[in-house]
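Descriptive analysis of the structure
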Amino acid sequence: MDDTELRAVASLIRDANRIAVFTGAGVSAESGIETFRQPQTGLWARYDPMELAHVDALARDPETVTRWYHWRFSKCADAKPNAGHHAIAELQRLKRARGGGVDVVTQNIDGLHQAGGAEDVIELHGSILRWRCQKTGSMRAIEEVDFSAFPPRSEAGGILRPDIVLFGEMLPEAALEAAERAVLSCDVFLTIGTSAVVYPAAGYIEMAISRGVPSVEVDPDATPMSTHMTHTLAGPSGDVLPRLLEHMGVGDDTERS
Ligand code: APR
């Protein structure tokens with residue numbers, strides 16, 4: 001990825017009033033959280049999503065599924081937001097200070113955008129940091145869940161499950177509406193670290209493309225959407241995003257003020 005493309009994207013972002021940032025597992029890869037479809041190392045290369053991440057599997061074997069999600073949480077628990085998360089949060093602060101905005105729409109359930117300082121994050125697939133009682137619908141933070149037995153249960157005796165969207169489940173209506181508003185109102189659309197193969201989430205990339213707004217993909221590898229992008233920045237987001245902000249002169253602004 002040469003600086004010319006980076007500079008072109010930096011000026012796009014600098015001049016934009018509203019930006020929609022759509023992220024997938026790749027934005028958390030540099031925080032040590034494995035992605036899903038990386039050959040050999042991806043989660044789905046080692047586990048069968050239909051056996052562990054499907055609503056029917058939860059109904060059939062709640063012990064195994066809740067135990068697996070508790071294990072997945074243990075992989076996120078020590079993860080820290082990386083430079084890519086921080087850059088997205090910084091961009092959001094910068095745009096808000098100038099009367100604009102950055103809407104962060106994520107497929108990730110790890111909470112790292114929020115930990116990195118981003119606000120009003122739209123979690124299309126929910127969050128592993130929240131667990132929900134299947135009997136009452138009551139929500140609690142994962143720290144309040146007793147994992148001495150699986151499946152964990154609430155005081156009401158209901159099974160507690162992560163507040164995430166399993167395969168075979170509908171995405172939360174409020175998140176879908178917020179994501180659509182974000183994509184329909186943006187001047188520039190960034191897709192970062194997603195293989196763009198899971199719907200309806202990947203449909204937001206198509207929505208942005210069909211609107212004809214400038215679109216940018218940040219990913220070390222090509223995806224099915226790469227050829228439709230205005231710009232593709234082939235590199236890890238933890239490297240590319242801070243460099244984008246540098247090219248926007250964000251660092252200088254901080255020094256000048
Ligand atoms: N920076 C940016 N992108 C990266 C990095 C990185 N450091 N490392 C890997 N990637 C890219 C990969 O090249 C790939 O395109 O991140 C993408 C990860 O793709 P997936 O593993 O398919 O993850 P994602 O697109 O988020 O999956 C979508 O599928 O399994 C479901 O619910 C799950 O939310 C998930 C959804």
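Structure: see above.
Because the structure is a prediction, the values reported are computed rather than measured. (Residues numbered from 1 in each chain as written. Predicted model: local features only at pLDDT ≥ 70, side-chain atom pairs only at ≥ 80, totals over all residues. Heavy atoms only, no water.)

**Some remarks on the overall build of the chain**
Broken down by element type, the chain carries 12 helices and nine strands. A compact globule built from 257 residues should have a C-alpha radius of gyration of about 18 Å, and the chain, at 19 Å, falls within 12% of that. For the chain, the C-alpha atoms occupy an extent of roughly 55 × 35 × 30 Å along the three principal directions. Counting over 257 residues, the chain shows a buried share of 52%. Of all intrachain contacts in the chain linking residues separated by at least 6 positions in sequence, the fraction that spans at least 24 positions is 67%. Looking at the chain as shown, the accessible area adds up to about 11600 Å², and 52% of this sits on carbon and sulfur atoms. Between the mean site of the 24 positive side-chain charges and the mean site of the 37 negative ones, the chain shows a separation of 3 Å. (Helix = DSSP H or I, 4+ residues; strand = E, 2+ residues; numbered from the N terminus. Rg over C-alpha atoms; globule rule 2.2 N^0.38 Å. Buried < 20%, exposed > 50% of the residue type's maximum accessible area, 1.4 Å probe, protein only. Contact = heavy atoms within 4.5 Å. Areas by Shrake-Rupley, 256 points an atom, 1.4 Å probe, with all protein chains shown as cover. Lys, Arg positive; Asp, Glu negative; His and termini not counted. Charge placed at Lys NZ, Arg CZ, Asp CG, Glu CD.)

**Let's talk about the packing of aromatic side chains**
Within a pair of aromatic rings, the relevant descriptors are the distance that separates the centres and the angle that separates the planes. According to the stated counting rule, one finds 11 aromatic pairs in the structure shown. Ring pairing ties together the aromatic residues Phe 36, Trp 44, Tyr 47, Trp 68, Tyr 69, Trp 71 and Phe 167, which thus form one cluster. (Phe/Tyr/Trp six-rings, centres within 6.5 Å; stacked < 30°, edge-to-face > 60°.)

**Concerning helix α6 (residues 62-77)**
Here α6 contains 16 residues, and its C-alpha end-to-end distance of 22 Å stays within 8% of the 22 Å for a straight helix at 1.5 Å per residue. Within the span of α6, buried status applies to Pro 62, Val 65, Thr 66, Trp 68, Tyr 69, Arg 72, Phe 73 and Cys 76. End-on, the buried residues of α6 take up no more than an arc of 155 degrees, which puts them together on one face. Those residues of α6 that are buried are in contact with α3 (43-46), α4 (49-52), α5 (55-60), β4 (126-133) and β6 (160-164). (Expected span 1.5 Å × (residues − 1). Arc of directions from axis to C-beta.)

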